[in-house]
Every structure is written in structure tokens, then in C-alpha cells.
Amino acid sequence: MLLWIIIIIAMLKQVWIFENMKNYINDDFLWVIVSDIFWSISVGNTINSYIIADSFWNISEYILVISAFLIAWVSVWIIQIPAESYFFWKKFAIIRNLISFVFAIVGAYLVWWLY
């Protein structure tokens, strides 16, 4: 897991994902949505998200996208919808992920506003 985190950080520092995304996406709301979708696909625990967010902060001090990443990384798990559907039911898994996705965006804007 730690090796995967190091690879992600090195890859993002090499590509400069924040600067490149900011050049192509001028709207902040769209940028947060793209960031949430990207980080919802990759699932991780909270400790790893702090390490990755710290490296993001060193690359680009944009609190809106970093907070969207932190919330989406921990709460929205698109990869685990089949497992949730198996143990609970499909409707529950989809609704839980949609609500978590919306609250990841709302939470990111709330952190940005309070910051």
C-alpha cells in the first residue's frame, strides 16, 4: 500500500496534474466534480489520504480540490458497489455512493468557504 502511495505521488508530481487540470478546466465547480470522480474510483483509507493531500498541498495550494479529494477518497467507493450490492442491496449501494458524492462536493465548498 505504501509503495502504491509513493507511485501515485511521484506520478502526480511528474505530470503536475493540478496545474494541467487548471489550464484545461476553467470552472472551479467542474474541476471539483472531475476531481471527485477521479478519486471516487480509487479507494483508500484515511491515513493514506493525508499523505497524498500533503503532497498535493506542496504542488498546488488549492484547498477546494484538496478537500474534495480527501472527502471523496474516504467516503465514495465506486469500486465497492458490487460488494455492497451483494451484502446489502443494489439500490442502497447506489444511493449511498450518490449521497456521498454530493456531500463530498458540498463538504469541499464548505471547507473552502471556512478556510
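Residues numbered from 1 in each chain as written. Predicted model: local features only at pLDDT ≥ 70, side-chain atom pairs only at ≥ 80, totals over all residues. Heavy atoms only, no water.

1. Concerning helix H7 (residues 90-114)
- Taking 1.5 Å of rise per residue, the 25 residues of H7 would be expected to cover 36 Å, and the 36 Å separating its terminal C-alpha atoms lies within 8% of that figure.
- For H7, the full list of buried residues reads Ala-93, Asn-97, Ser-100, Phe-101, Ala-104, Ile-105, Gly-107 and Ala-108. (Helix = DSSP H or I, 4+ residues; strand = E, 2+ residues; numbered from the N terminus. Expected span 1.5 Å × (residues − 1). Buried < 20%, exposed > 50% of the residue type's maximum accessible area, 1.4 Å probe, protein only.)

2. A look at the environment of Trp-39
- Locating Trp-39 in the fold gives a position in helix H3 (residues 28-41).
- Separated by 30 residues in sequence, Trp-39 and Phe-69 have C-alpha atoms that sit 6.1 Å apart.

3. Some points on the confidence of the model for the protein
- In this model, the protein carries a mean pLDDT of 78, and residues with pLDDT of at least 70 account for 76%.
- Summarising per-element confidence for the protein, the mean pLDDT is lowest in helix H1 (residues 2-15) (62) and highest in H7 (92). (pLDDT = per-residue confidence, 0-100.)

4. Thoughts on a nonpolar patch on the surface
- Together, Tyr-86, Phe-87, Phe-88, Trp-89 and Phe-92 line one region of the surface with nonpolar side chains, adding up to about 670 Å² of accessible area.
- Locating Phe-92 in the fold gives a position in helix H7. (Patch = residues over 30% accessible without salt bridge, like charges linked within 9 Å, V, L, I, M, F, W, Y side chains within 5 Å. Areas by Shrake-Rupley, 256 points an atom, 1.4 Å probe, with all protein chains shown as cover. Salt bridge = Lys/Arg side-chain N within 4 Å of Asp/Glu carboxyl O.)

5. Section: the packing of aromatic side chains
- Within this structure, the stated rule accounts for six aromatic pairs.
- Both rings, one in Tyr-109 and one in Trp-112, keep their centres 5.9 Å apart while their planes meet at 90°; by these two values the pair is edge-to-face. Residue Tyr-109 and its partner Trp-112 are both found in helix H7; the two are separated by three residues, about one turn of the helix.
- Exposure remark for Tyr-109: the relative accessible area of 23% places this residue in the partly exposed category.
- The exposure class of Trp-112 is partly exposed, given its relative accessible area of 41%. (Phe/Tyr/Trp six-rings, centres within 6.5 Å; stacked < 30°, edge-to-face > 60°.)

6. Remarks on the environment of Ala-108
- Within the fold, Ala-108 resides in helix H7.
- Spatially, the C-alpha atom of Ala-108 lies 8.3 Å from that of Phe-69, the residues being 39 residues apart in sequence.
- Sequence-distant contacts of Ala-108, defined by excluding residues within four places in its chain, comprise Leu-64, Ser-67, Ala-68 and Ile-71. (Contact = heavy atoms within 4.5 Å.)

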